[in-house]
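These are the residues of each chain, in order.
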Amino acid sequence: MKVPTLKFGNKLVDTPIVQGGMAVKVSTSELAVAVAEQGGVGIIGGTGLSMEELRQQVREARDATRGLLGVNIMVAAREFKEAVMVALKEKVDVIVAGAGFSRDVFTICREWKTPVMTMVSSVKVARLAERLGAAAVIVEGCDAGGHLGTEEKTAALMPAICEAVSIPVIAAGGFADGEDIGRMLELGAAGVQLGTRFLLSEECTVHKNFKNLLLNAKASDLVRIISPVGLPANAINTPLVQKHLAGDPVIRSTDCNRCLKHCNHSFCILKALLAASQDGDYERGLFFTGKRYTDIKSVEPVKKIFADLLQGARDYLSQPSGPVPGAGSQPTPG
Ligand SMILES: Cc1cc2nc3c(=O)[nH]c(=O)nc-3n(C[C@H](O)[C@H](O)[C@H](O)COP(=O)(O)O)c2cc1C
């Protein structure tokens, strides 16, 4: 089996690698452009930006590449529809709806003739997305970065969802190398989405403390929290997270700008994510990450990450799947 191209809606990319949208200034235009230039799908994290910032980000990216660019917007964000409209007016190639499910986005994007991908973690929601007109579904398991919709691993979810829908299925969550990509393609994935691997790239514009924190953290530093949005997420166990887990009222959010449709105000997630991505502040920051950060050993340019991922996937897929014919019974040549 060869590493396939990725087709969704009327779009085609050479490489079936999607860079996961990462909110609050983690996946900005620099990263999305670098990925698009390598023949993958580059995604700007649209949540946590003002509408003007988002417009600016998409324009910068559009001016810098002819590759495929999208915007990911959290359905849980209060300005979800406004952000979708900004992205559509700036002519992005794809809208990705994450952290929740929106029916309206399909109607809006159909009018704008722009494909929509939506994050799913069950057969039921994948079928619904297909019925409503999704160009692809992104199946995200419990090892992923960002908000989670399931306790199942991606590999466990994939076979049933691939069987249930006929649109492309993209696997996400817990992937660090090319072998992971090969495995998912073998399971029927049309593409693979990675977040943390691209957070740990040179082009990702987060504060260097965020990258160093992940590079130096042990597996035991990861905890599962229920974020103020009300969804589970994987995060590094920093002082803010410890206070949150202990129910400490000292971190409760007081001055709120209502960035979310629903929030329990246990702390201000927008400020905490900004403290992580912009200030690299260990005390006040919320550092979301996928579980496989321990397998990523260095910050590298996106070009090298792509080359290694693709080589790894090719090597994996070119291995004979069954026992090597005649192995161990043939005399060695020469
Ligand atoms: C810091 C961070 C922020 C994220 N923000 C979003 C987001 O705004 N919307 C979304 O749908 N997914 C978000 N994700 C999930 C990614 O898009 C991607 O699906 C996920 O990271 C894949 O898992 P991996 O990190 O193990 O590769 C985020 C992930 C991280 C690490």
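Fair warning: this is a prediction, and the values are worked out from it, not measured in the lab. Throughout this document, residue positions are counted from 1 along each chain, in the order its sequence is written. Thresholds applied to this predicted model are a pLDDT of at least 70 for local features of residues and 80 or more for the giving and counting of side-chain atom pairs; totals over whole chains, interfaces and linings are not thresholded and use all residues.

As for the overall build of the protein chain
Broken down by element type, the protein chain carries twelve helices and twelve strands. Over its C-alpha atoms the protein chain spans a radius of gyration of 20 Å, differing by no more than 12% from the 20 Å that the globule rule assigns to 334 residues. Each of the 334 residues in the protein chain was classed as buried or not, and the buried ones make up 51%. We call two residues in contact if the C-beta atoms placed from their backbones are at most 7 Å apart. For the protein chain, restricting intrachain contacts to residue pairs at least 6 apart in sequence, the fraction spanning at least 24 positions comes to 63%. In DSSP terms, a helix is any run of H or I states spanning at least four residues, a strand is any run of E spanning at least two, and both are numbered starting from the N terminus. Computation of the radius of gyration draws on C-alpha atoms, with the globule rule given as 2.2 Å multiplied by the number of residues to the power 0.38. Counts of 20 or more other C-beta atoms within 10 Å of a residue's own C-beta define buried residues, counts of 12 or fewer define exposed ones, and intermediate counts define partly exposed ones; C-beta atoms are placed from the backbone.

Considering helix α7 (residues 178-186)
Those residues of α7 that sit buried are Gly 178, Asp 180, Ile 181, Gly 182, Met 184 and Leu 185. Looking one or two places after α7, you find Gly 188, whose phi comes out positive at around 110°.

Observations concerning the domain arrangement of the protein chain
What the domain assignment lists for the protein chain is domain 1 (11-205 + 298-317) and domain 2 (208-291). On a C-alpha basis, the centroid separation for the pair domain 1 and domain 2 is 22 Å. Just so you know the grouping, Ala, Val, Leu, Ile, Met, Phe, Trp, Tyr, Cys and Pro go in nonpolar, Asp, Glu, Lys and Arg go in charged, and all remaining residues, Gly too, go in polar. Across the side of domain 1 that touches domain 2, the residue classes break down as ten nonpolar, eight polar and three charged. Note that domain bounds follow an automatic or database assignment of domains.

With respect to the site of the ligand
Neighbouring residues of the ligand: 31 residues in total, closest Gly 20, Gly 98, Gly 145, Gly 195 and Gly 290. Listed by contribution, the elements that provide at least two residues to the shell around the ligand are β5 (68-74), β10 (191-194) and α8 (196-199). By residue number, the principal contributor to the shell around the ligand is α8, which donates three residues. Grouping the constituent residues of the shell around the ligand by class yields twelve nonpolar, 15 polar and four charged. In this text, near has one meaning. A residue is near a molecule or strand if its C-beta atom, placed using the backbone, is within 6 Å of it.

Section: the nonpolar core
To form a nonpolar core, buried Ala, Val, Leu, Ile, Met, Phe, Trp, Tyr and Cys residues must be joined through C-beta atoms within 7 Å. Core analysis: the largest hydrophobic core is formed by 110 residues, its most contacted members being Ile 95, Met 117, Val 137, Val 139, Val 169 and Ile 170. Those residues in contact with Ile 170, other than ones at most four positions away along the chain, are Val 18, Ala 136, Ile 138, Val 139, Ala 189, Ala 190, Gly 191, Val 192 and Gln 193.

Regarding the packing of α7 against helix α12 (residues 302-318)
Angles here are taken between N-to-C directions and fall from 0 to 180 degrees, while the axes themselves are lines fitted to C-alpha atoms, restricted in helices to the stretch in contact. The interhelical angle for the contact between α7 and α12, taken along N-to-C directions, is 50°, at an axis separation of 7 Å. The orientation of α7 relative to α12 falls into the category oblique. Crossing hand, α7 versus α12: right-handed. Contacts between α7 and α12 involve Gly 178, Glu 179, Ile 181, Gly 182, Arg 183, Leu 185 and Glu 186 on the former and, on the latter, Asp 308, Leu 309, Leu 310, Gln 311, Gly 312, Ala 313, Asp 315, Tyr 316 and Leu 317. Residue composition of the contact of α7 with α12, by class: seven nonpolar, four polar and five charged. Any angle that falls under 35 degrees is termed roughly parallel, while one over 145 is termed roughly antiparallel, one within 65 to 115 roughly perpendicular, and all others oblique. By convention the crossing between two helices is left-handed if the near helix lies anticlockwise of the far one by an angle smaller than a right angle, and right-handed if it lies clockwise.

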